[in-house]
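Here are the chains, one letter per residue:
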Amino acid sequence: MARRKKGDKIDGWVVLDKPVGLGSTPAVSRVRRLFGAQKAGHGGTLDPLASGVLPIALGEATKTVPFVMDGRKEYRFTLKFGEARSTEDSEGEVTASSEVRPTDEAIRDALGAFLGEIEQVPPAFSALKIDGQRAYDLARAGEAVEMKSRKVRIDRLEFLARPDRDHADLVVECGKGTYIRSLGRDLAVALGTVGHLSALRRTAAGPFREEQAISLPKLEALGHIPALFGALVPVVTALDDIPALALTEAQANQLRHGQPVLLTRDAPSSGALLRAELDERLVALVRSDGTSIQPVRVFNL
């Protein structure tokens, strides 16, 4: 593989189609090494047993990670009825069983109760921290883990298909912090049975969708940095839903030096967050106070 020339800057997003069995952190490390990027991060963890869209930020794109983390997510998942498992997915031990299998109509009728803002108890096997320790570390050590309920938002939940009486395929659109394993668990209970996720695939994270995603083997096959650049998505993509504000050269220089810019006319309303651009190139994220804009995040692009 051709090595990146010293001094090249790598800034942008890679929309990785993460395979089952690979953790999010190792996936980020592999992509970072491929590009020779100094900084890397991701836009929301995917469990090793899940596949799909894992947006990976390189260089200056790492400054936009929170906007993807906070963005809407979409998943397709398969719920297996009849077995509850310790991890809420197929990896864990069976903790309860049931012979009850809901009808298709019953599944459709139950979905409405899970729409909107709902209370959800996260899985014990999760990366959430309890007294400074990861919940999954405590759970694996055999300790009793009490997870606190929290509010999450479900915007869409639809029944797709019934491969057989033991399984149901569904799609969900949700907000930050929603655990699909918990959703599957709770849906099964609402249907008078128990269940766990047998498959999970993220199809969208923020503005990134599976149609854009590229697999690790394809990335590795590209081999040379010029070809890899073709897989990079612009940094600004993560900020697509934030209004743009055109700058002059002088204003851009002020923001780059961390200085506020006084707007003599057409100032955005106080509190507005905008992406400030010079000739359509991202300069900074700024916030308006009604008369001037203050830099929130400055980009070196």
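Use the structure listed above.
In short, a report on the structure. Since the model is a prediction, treat every value here as computed from it, not as a measurement.

**Describing the pairing of strand β16 (residues 273-278)**
In terms of burial, β16 is a largely internal element, five of the six residues being buried. Both strand β14 (residues 244-246) and β16 contribute to a ladder of three bridges, which runs parallel. Across the sheet, Leu 245 pairs through a bridge with Ala 276, a residue of β16. Looking at chain direction, β16 and strand β17 (residues 281-288) are connected through six bridges and run antiparallel. Paired with Glu 277 across the two strands is Leu 282, which belongs to β17. Connecting β16 to the antiparallel partner β17 that follows it, the hairpin turn spans two residues, and Asp 279 within it adopts a positive phi of roughly 50 degrees.

**Focus: the nonpolar core**
Of all hydrophobic cores here, the largest spans 46 residues; its most connected members are Phe 35, Phe 77 and Leu 219. It is helix α1 (residues 24-35) that contributes the most residues to this core, five residues altogether. Excluding residues within four positions of it along the chain, Leu 219 makes contact with Val 14, Leu 16, Val 31, Leu 34, Phe 35, Ile 214, Leu 228 and Ala 231. Within the second largest apolar cluster, 17 residues are counted, among which are Val 15, Val 53, Ala 61 and Leu 239.

**Examining the pattern of salt bridges**
Scanning all chains against the criterion turns up 24 salt bridges. The salt bridge partner of Arg 209 is Glu 211, with a shortest N-O separation of 3.5 Å. Note on Glu 211: relative accessible area 62%, which makes it exposed. With a shortest N-O distance of 2.7 Å, Arg 275 and Glu 277 are connected by a salt bridge.

**Some remarks on unusual backbone geometry**
Even without being glycine, Asp 279 reaches a positive phi, approximately 50 degrees. In this structure, Asp 279 sits in the loop between β16 and β17. With a relative accessible area of 70%, Asp 279 lands in the exposed category. Residues other than glycine seldom take positive phi values, yet Glu 280 does so here, at roughly 65 degrees. Along the polypeptide, Glu 280 turns up in the loop between β16 and β17. For Glu 280, a relative accessible area of 75% gives the class exposed.

What counts as what
- Residues numbered from 1 in each chain as written.
- Predicted model: local features only at pLDDT ≥ 70, side-chain atom pairs only at ≥ 80, totals over all residues.
- Heavy atoms only, no water.
- Buried < 20%, exposed > 50% of the residue type's maximum accessible area, 1.4 Å probe, protein only.
- Helix = DSSP H or I, 4+ residues; strand = E, 2+ residues; numbered from the N terminus.
- Pairing = 2+ DSSP bridges.
- Core = buried A, V, L, I, M, F, W, Y, C linked by side-chain atoms within 4.5 Å.
- Contact = heavy atoms within 4.5 Å.
- Salt bridge = Lys/Arg side-chain N within 4 Å of Asp/Glu carboxyl O.

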